[in-house]
Every structure is written in structure tokens, then in C-alpha cells.
Amino acid sequence: MLATLLTRVKSSRWLSPDILLGHTLTQEVRRKQLSSFSHNSSSVSVVWRRKVTGSIRDVSTTGTVCAKVRGNSKRKELSEKKLTRYFVDHRHVKLVAGSGGKGVCSFHSEPRKEWGGPDGGNGGDGGSIIIKADRFVKSLAQVVPLYKGENGQSGGSKNCYGRNGSPTYIHVPLGTVVKEQGKIVVDLSEHGQEYLAVFGGSGGKGNRFFLSNENRAPMTATPGLEGQERALHLELRTMAHAGLVGFPNAGKSSLLRAISNARPAVAAYPFTTLNPHVGIVKYRDHEQVAVADIPGIIQGAHLNRGLGISFLRHIERCRFLLFVLDLSATEPWTQFQHLRYELDQYEPGLSQRPQAIIANKMDLPEAREKLETLKSHVTQRVIPVSALTGQNTEELILHLRELYDGYLQGEGKPTRW
């Protein structure tokens, strides 16, 4: 029967053989049962592979057998070690602006114009390099050590000026501080803020520029000037309203996961967090408070021990501090004294900012007794929480809003996120 149908297909010229053959084979598959098809796979494969106008068509019988197995489409979170590769908070860069194009010495040449005069154009200016703050950039990892501006093009005859070099933009995160020889040059803290780091060189003058009544045929043309050159240090300081300060393994990352949308790495060993994480705490009136998880500080951090001062600078921008104390320690109140000492040694008066003490790990059995002892040793407000179970995190979020409202009354300029 199949041969008869194929003969009819060849005789019909108004339909494509591919379409009729596919329709015929589809009807054949519907007539057969799945069990008989699996036993007679060799005979069916002969039917499925036929030469049609010199080519071979391969037809898939089932989608589940031949389809590619798809895994979970959810994107995997990067580990803390991989995040550290992408997060860079300081860079030394060398900036060289573009040089100006040279001027041209030429004279107008045209039939029946014997004295055309000079017509050499000026060269274009070199391109400058601009550092621009961008809120969509989160790290200095994309900043390269050397930037060279575009040179200006040389002038041409017929009074043609050379094209100016295009400016080069370096996009940096909000909170980037530009330093030169240890001194702060500019603080880029607003989106779109620009700083013209190096100027491009001026273009040279063509001989047309030197035309005067005394000199009707000048032969002088000047080269372009070299672009400005500087060596700068870019330093990123995290922009956040509150900063979580504590010793390693105190539960800062777990606490940030409990109160915000951030997902820092959490593990049962110290120095899990190797770079700052910023989480956003959202309220019903659509106000947002940024909380930064600062990597663990140890005794002697101001002397560059442990992670050292590389992350202490991220606390400078925090308007209020949240000291996270570990109630599983023998004397938690001594941690608070050591933390304040390290902050004052790094920057005098840093520990005097509005603050609160967070007594973490209240789910432990011995935490209740240590909490009462801690309150007797300190005068600041103590908020007992458990980042593991989420116990009493509502009080922390409300107190965080109180600190934020007090900051707005004093500064009068909220930071939008």
C-alpha cells in the first residue's frame, strides 16, 4: 500500500513530495501500537529513512527519548570565593589623555589662482578621560590599570580641521573616592557625577593660523600638545545607612539574610564573608534602609591584622552602627569594648555614631543568663535576636527605622536605593 501511495505522490505535481511523504508516514505511525513499534524498530527505521529528491530525512518518533534533559532553570548562587574574584574595592590606575593632532602647512592650488594663499587646517584636540559614578556598577573589577585617551586627528588642506578625540569614560560605583598621593581629590557619591581626571592636549596650528598682513605666505605649522598624565588611586567605600560590625562568626551574615533581601554566604567557620554585602530593608511606606555586612574584625585590625583596614573603610560611610555580639562567647561584653577600640584607632570618633547592640544567638540555652550580664555592663540599647530562628527580628527592624528617621532629621537628605 505504501508503494501505491508513493506512486500517486510522484504522479501529482501540485503537491511537494516532502509534504505528502510526511503525511503518509504519520498515518502509518498512528496505526501501529507502541509495543509493536518497539519490537520492530529495525523495520520501522527502514521506513522512516527514505531518500527524497536525493536527500535523507530523519524523523524523531518520541520527544521524551530524544529531547535534551533540562535541569533546574534557577540560577545558582555564586560562592563567596567566586564573589571575591569579582569584587574589587581599590585600584591603582594610570591615565594618559590623548594628544592633539598636528597642524598642516599647505597652500591653495587651483587653476587660474596663482596666489591661493595658505590653507593648512588646525589639528584636533586630544580626548580627555572622565571618571563617572554609575549606580549600576557594583565593583571596581572592570577598571583596568592603564587608560589612554584618543588622539586628535591632524589637520588637512583646504582649511580642514582635524577631528577631536572622543572622551573616555571610566564607570565606577557610587561611593568611589579618587585619591592622588594619599590625598582625596573627589568623592563620587551621586549617580551621574563626573570628574574630569586628565585633559586632552590641544591641537596644533596650521599655517593658515599664522597668516597676517606682514606674512602673507607663512610656512609655520605647530604639532599638537601631549595629553595630561596622572596616576590615581580609586577606593570604594560601601554606601549604606547602617553597618553590621562584629567579630568573625558572630552571625552578621545570617542576620542580614533574616532582615533583608541580601543572600551572603553562611557557614560554621570564621571569615565566611570576604567582601561587604549590602541588603535593603523595605518598609510599608516604601522607605528603604541599606544595611551593610562588614567582614569580621579582629583585635589589631587597625594594624592591618586579619582582613585589616581593607574593609574598615567601608564603615566610614555608615551613619549608624549595629554591633553584633555573640552570646556563645565567654564574655560578650568584652567584644563590644574591643570593637569600639578598633574603630577609634582607625578613625577617632567613629565609634561615637548612633548605635545599638544586637545580642545574637538567643536560641542557645546559656544566652538568657549572659544577656542580663551584658545589659549590666553597657549603657546602649541591647536588642536580643536569633538570626537562626528569626526571633525578635521585628524589634530590630523597627529600631533600625528609628535610627534612620533620626538621621533624616539631622541630615535632611535621604539616600535612595
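Fair warning: this is a prediction, and the values are worked out from it, not measured in the lab. (Residues numbered from 1 in each chain as written. Predicted model: local features only at pLDDT ≥ 70, side-chain atom pairs only at ≥ 80, totals over all residues. Heavy atoms only, no water.)

Thoughts on the overall build of the protein chain
Along the protein chain, the regular secondary structure elements total 10 helices and 16 strands. Of all 417 residues assigned to the protein chain, the portion counted as buried reaches 42%. Summarising the internal contacts of the protein chain: among those between residues at least 6 apart in sequence, 70% fall at separations of at least 24. Total accessible area on the protein chain is roughly 24,300 Å²; 51% of this is exposed by carbon and sulfur atoms. (Helix = DSSP H or I, 4+ residues; strand = E, 2+ residues; numbered from the N terminus. Buried < 20%, exposed > 50% of the residue type's maximum accessible area, 1.4 Å probe, protein only. Contact = heavy atoms within 4.5 Å. Areas by Shrake-Rupley, 256 points an atom, 1.4 Å probe, with all protein chains shown as cover.)

Notes on the pattern of salt bridges
Considering all chains together, one arrives at 10 salt bridges under this definition. For Glu-150, the salt bridge goes to Arg-163, with nearest N and O atoms at 2.9 Å. Highlighted residues: Glu-150 in the loop between strand E5 (146–148) and strand E6 (168–172) and Arg-163 in the loop between E5 and E6, separated in sequence by 13 residues. Note on Glu-150: relative accessible area 29%, which makes it partly exposed. For Arg-401, the salt bridge identified is with Asp-405, shortest N-O distance 3.0 Å. With a gap of four residues between them, Arg-401 and Asp-405 both fall in helix H10 (residues 393–411), about one helical turn apart. What makes Arg-401 buried here is its relative accessible area of 16%. One salt-bridge network, held together by shared partners, links Asp-285, Arg-401 and Asp-405. (Salt bridge = Lys/Arg side-chain N within 4 Å of Asp/Glu carboxyl O.)

Regarding the packing of aromatic side chains
In this structure the tally under the stated criterion is two aromatic pairs. Consider the rings of Phe-209 and Phe-210, whose centres lie 5.3 Å apart with planes at 90°: the pair is edge-to-face. For Phe-210, a relative accessible area of 27% puts it in the partly exposed group. Each ring, one from Phe-323 and one from Phe-336, has its centre 5.1 Å from the other, and the planes form 90°; the classification is edge-to-face. Of the two residues, Phe-323 sits in strand E14 (residues 320–326) while Phe-336 sits in helix H8 (residues 332–346), which places them 13 residues apart along the sequence. By the burial criterion, Phe-323 is buried, and Phe-336 matches it. In this structure, Lys-132 packs its charged tip against the face of Tyr-169, placed 5.9 Å from the ring centre. When the ring centre of Tyr-283 is taken as reference, the NZ or CZ atom of Arg-401 above it lies at 5.1 Å. (Phe/Tyr/Trp six-rings, centres within 6.5 Å; stacked < 30°, edge-to-face > 60°. Lys NZ or Arg CZ within 6 Å of the ring centre and 35° of its normal.)

Looking at H8
In this model H8 runs 22 Å from its N-terminal to its C-terminal C-alpha over 15 residues, within 8% of the 21 Å that 1.5 Å per residue would give. Taken together, the buried residues of H8 touch strand E11 (242–245), E14, strand E15 (355–360) and helix H9 (367–377). (Expected span 1.5 Å × (residues − 1).)

A word on the side chain of Gln-355
You can see Gln-355 is positioned in strand E15. In this structure Gln-355 touches Leu-321, Phe-323, Phe-336, Arg-340 and Gln-380, once residues within four positions along its chain are discounted.

Looking at the sheet that holds strand E8 (residues 183–188)
Judged by pairing direction, the sheet is mixed, and its five strands sit side by side in the order E5-E3-E10-E7-E8 without closing on themselves. Each end of this open sheet is capped by a strand with a single partner; those strands are E5 and E8. With direction set aside, neighbouring strand axes in the sheet form an average angle of 30°. Here seven bridges tie strand E3 (residues 90–96) to strand E10 (residues 229–236), and the two strands are oriented antiparallel to one another. If you follow Val-93 over to E10, its bridge partner there is Leu-232. (Pairing = 2+ DSSP bridges. Axes fitted to C-alpha atoms, helices over the stretch in contact; angles between N-to-C directions.)

Some remarks on the nonpolar core
Within the largest apolar cluster, 28 residues are counted, with the highest numbers of intra-cluster contacts made by Ile-315 and Leu-374. Secondary structure elements with two or more residues in this core: strand E13 (288–293), E14, H8, E15 and H9. A total of four residues in this core trace back to one element, the largest contributor, which is H8. Setting aside residues up to four positions removed in sequence, Leu-374 forms contacts with Leu-325, Leu-327, Trp-333, Ile-357, Ala-359 and Val-382. If you look at the next biggest cluster of nonpolar residues, it comprises 25 residues, including Val-281, Leu-322, Val-324 and Tyr-407. (Core = buried A, V, L, I, M, F, W, Y, C linked by side-chain atoms within 4.5 Å.)

A word on the environment of Pro-118
Structurally, the position occupied by Pro-118 is in the loop between E3 and strand E4 (129–133). A relative accessible area of 3% means that Pro-118 is categorised as buried. Setting aside residues no more than four positions away along its own chain, Pro-118 makes contact with Ser-106, Phe-107, Asn-159, Asn-207, Arg-208, Leu-211, Arg-216 and Pro-218.

Quick look at the sheet that holds strand E9 (residues 194–198)
Adjacent strands of a sheet form backbone hydrogen bonds with each other and so pair up, either parallel or antiparallel. Across the sheet, three strands lie side by side as E6-E4-E9; this open sheet has mixed pairing. The open sheet is flanked by E6 and E9, the only strands paired with a single partner. On average, each strand axis in the sheet is inclined to that of its neighbour by 25°, with strand direction left out of account. Pairing analysis gives four bridges linking E4 to E9, with the strands arranged antiparallel. Paired with Ile-131 across the strands is Tyr-195, a residue of E9.

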